[in-house]
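# Examining the three-dimensional arrangement
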Amino acid sequence: MVQAIAGTLDQALAQDERVVLLGEDIGRRGGVFLATEGLQARYGARRVIDTPLNEGAIIGAAVGLAAMGMRPVAEIQFADYVFPGMDQLVSQAATLRYRSGGEFAAPVVIRMPSGGGVKGGLWHSQSPEAHFVHTPGLQVVAVSTPSDAKGLLGSALLGDDPVVFLEPKRLYRASKEEVPDGGYIVPIGQAAVRREGTDLTLVSYGASMPEAVKAADELAQVGVSAELIDLRTLLPWDRDLVLGSAARTGRVVLVADAPRQASVMSEIAATICEEILDQLLAPPLRVTGFDTPYPYAQDRLYLPSVTRILFAAKQALDY
């Protein structure tokens, strides 16, 4: 995945002189996870910019560049560190088109490694996507495969709206596959069906997808046909695909790393109940992180496991 991201950024820099990268340590070092390795040497320090350790300045500068016609890609070293820049992201980038009556746009991509499972402790493991999904004017992407990382980042780089691009750090080098060559694009707002099924719908995104895939495999071994949906985009999310699948199977299990309360999956569960309640055979169930600060020593216990997903699936099937 990290190679797919680096290659997409390289291609964007080569093809469009308006594209600039900025962030902490992204230049000479190539970023903490080496997603920008070698790009400053290739394109220079004016287009791959090492910034001070100041998220407000990083996002604020990106918004200013975008308003003046550039296409900046800002890296927040870890998603946990975005909060000092939330005013610039939520109050400035997300509202620029609306409050200028369309005179200005904010084609900013804010990349950030998110999620846990790497023994990073509290400040390197959070999943803050609900904050962004609650903000009108933003688009929010959470990838789980190298191909989608390339295709959705490519799509984000072409759009005129600010995109929060969440990259699950524990999949950077664990997720491997062949990726399409050239200018591959995945449209923002379209989920993907990773497995078709008839008995149960599993919905997930980002770093939780490998566990959801394993759970679907284990369910198949005992004769349960699970449809597996990868949301890919959290704002906007693919309502038609999710609701259609839920209506066909009648049972839904929603899986995500983020805390349970007021989460993305809470919104999806509520929408399912509002729109197709009479077609459900069981209430939607959530398998998520817990409503606690992210733990240091017990991070694997915090995250959704295959066992927890299978337990929820059994609850839905036995309802």
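What comes next is a walk through the structure. (Residues numbered from 1 in each chain as written. Predicted model: local features only at pLDDT ≥ 70, side-chain atom pairs only at ≥ 80, totals over all residues. Heavy atoms only, no water.)

### Let's talk about unusual backbone geometry
At the junction of Leu 235 and Pro 236, the peptide bond is cis and its omega measures out at 0 degrees in the coordinates. Mapped onto the elements of the fold, Pro 236 is located in the loop between β10 (233-235) and α9 (239-249). A positive phi angle, close to 65 degrees, is found at Asp 25, a residue other than glycine. Relative to the assigned elements, Asp 25 resides in the loop between β1 (19-23) and α2 (39-43). Classification of Asp 25 as partly exposed rests on a relative accessible area of 37%. In this structure, Arg 232 is a non-glycine residue whose phi angle is positive, near 65 degrees. Within the secondary structure layout, Arg 232 lies in the loop between β9 (226-230) and β10. (Helix = DSSP H or I, 4+ residues; strand = E, 2+ residues; numbered from the N terminus. Buried < 20%, exposed > 50% of the residue type's maximum accessible area, 1.4 Å probe, protein only.)

### Side note on the packing of aromatic side chains
All told, the structure shown has 5 aromatic pairs when counted by the stated rule. Ring geometry for Phe 33 against Phe 78: centres 5.5 Å apart, planes inclined by 70 degrees, an arrangement best described as edge-to-face. Placement of Phe 33 in the loop between β1 and α2 and of Phe 78 in the loop between β3 (71-75) and α4 (86-93) is noted, with a sequence separation of 45 residues between them. A ring pair is formed by Phe 290 and Tyr 302, whose centres lie 6.0 Å apart and whose planes are at 75 degrees; its orientation type is edge-to-face. Remark: Tyr 302 occurs in helix α11 (residues 299-302) and Phe 290 occurs in the loop between β12 (285-289) and α11; sequence separation between them is 12 residues. Taken together through their ring pairs, the aromatic side chains of Phe 33, Phe 78, Tyr 81 and Tyr 172 make up a single cluster. (Phe/Tyr/Trp six-rings, centres within 6.5 Å; stacked < 30°, edge-to-face > 60°.)

### Describing the pattern of salt bridges
With the rule as written, the count across this model stands at 15 salt bridges. Where Arg 111 meets Glu 167, a salt bridge forms, and the shortest distance between an N and an O atom there is 2.7 Å. Of the two residues, Arg 111 is situated in strand β4 (residues 109-114) and Glu 167 in strand β6 (residues 163-168); the sequence distance between them amounts to 56 residues. On the basis of relative accessibility, which here comes to 2%, the residue Arg 111 falls in the buried class. (Salt bridge = Lys/Arg side-chain N within 4 Å of Asp/Glu carboxyl O.)

### Digging into the side chain of Thr 233
Here Thr 233 is to be found in strand β10. Overall, Thr 233 belongs to the buried group, its relative accessible area being 0%. In this structure the side chain of Thr 233 is engaged in a polar contact, spanning 3.1 Å, whose partner is the backbone nitrogen of Gly 189. (Polar contact = N/O pair within 3.5 Å; in protein donor to acceptor, adjacent residues only side chain to side chain.)

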